[in-house]
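So the chains spell out like this:
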Amino acid sequence: MKSKLVSETSGQRTFVVVLDPGEEAVAALTNFAGQKGISGASLTAIGAFEKATVGWFDIKSKSYRKIPVDEQCEVLSAIGDIAVDDNGKQSLHIHAVLGLSDGRTRGGHLLEGTVQPTLEITVVESPGHLRRTKRPRLGIALIDLDA
């Protein structure tokens, strides 16, 4: 992974992060956010994975139904945010649309993705902090604007 701070204005930093082949995207980005002390940001990404898993959140079971993509796929669009969780650790929430070789797509919550050949991410930090709080009734952690 390589990263570069490309802008810093009024407490807002903008980074470009480039992941290398074989890196797992969610883990690498979580690690990056922790190293940089990012507690509130939005992100966008494009690139490709050799394999990935996206998820569809089933509100009844309070869990993600995993949708494996076991082939090379294009990251057509990935958008998300970074906040801190109840334990003060960086927490990512990313949705992705993945393009398959025949033009079909798979999409959902990005659970994991093995980069091949690259993933290019722009991270725009907000000057404020965001907290993601576990909602037991829903079985998921969501951004809490009152925290």
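Use the structure listed above.
Okay, so let's go over this structure. (Residues numbered from 1 in each chain as written. Predicted model: local features only at pLDDT ≥ 70, side-chain atom pairs only at ≥ 80, totals over all residues. Heavy atoms only, no water.)

## Quick look at the overall build of the chain
Here is step 1 of the chain: Counting its regular elements, the chain contains one helix and nine strands.
Here is step 2 of the chain: Listing every helix and strand of the chain by position from the N terminus yields β-β-α-β-β-β-β-β-β-β.
Here is step 3 of the chain: Scaling as 2.2 N^0.38, a compact globule of 147 residues should have a C-alpha radius of gyration of about 15 Å, and the chain matches this with 15 Å.
Here is step 4 of the chain: The proportion of buried residues among the 147 residues of the chain is 39%.
Here is step 5 of the chain: A separation of at least 24 residues holds for 64% of the contacts in the chain among residues at least 6 apart in sequence.
Here is step 6 of the chain: For the chain, the accessible surface area stands at approximately 8000 Å², while carbon and sulfur atoms represent 52% of it.
Here is step 7 of the chain: In the chain, which carries 17 positive and 18 negative side-chain charges, the distance between the mean positions of the two groups comes to 6 Å. (Helix = DSSP H or I, 4+ residues; strand = E, 2+ residues; numbered from the N terminus. Rg over C-alpha atoms; globule rule 2.2 N^0.38 Å. Buried < 20%, exposed > 50% of the residue type's maximum accessible area, 1.4 Å probe, protein only. Contact = heavy atoms within 4.5 Å. Areas by Shrake-Rupley, 256 points an atom, 1.4 Å probe, with all protein chains shown as cover. Lys, Arg positive; Asp, Glu negative; His and termini not counted. Charge placed at Lys NZ, Arg CZ, Asp CG, Glu CD.)

## Some remarks on empty space enclosed by the protein
Here is step 1 of the chain: Under the defined criterion, the tally for this structure stands at one cavity of 30 Å³ or more.
Here is step 2 of the chain: There is about 30 Å³ of room inside the largest cavity.
Here is step 3 of the chain: Counting only elements with at least two residues in the lining of the largest cavity, the list comes to β3 (41–58), β5 (73–84) and β7 (105–125).
Here is step 4 of the chain: Among the elements that line the lining of the largest cavity, the one with the most residues is β3, at three residues. (1 Å grid on protein atoms, 1.4 Å probe; cavity = no way out; pocket = protein on both sides within 12 Å on 5 of 7 lines; lining within 4 Å. Points joined across faces, edges and corners; volume = space filled by probe spheres on them.)

## Remarks on the pairing of strand β2 (residues 12–19)
Here is step 1 of the chain: Here seven bridges tie strand β1 (residues 2–9) to β2, and the two strands are oriented antiparallel to one another. Considered in β2, the bridge of Ser 7 is made with Thr 14.
Here is step 2 of the chain: Where β1 folds back on β2, the antiparallel hairpin that results is connected by two residues, among which Ser 10 adopts a positive phi of roughly 50 degrees. (Pairing = 2+ DSSP bridges.)

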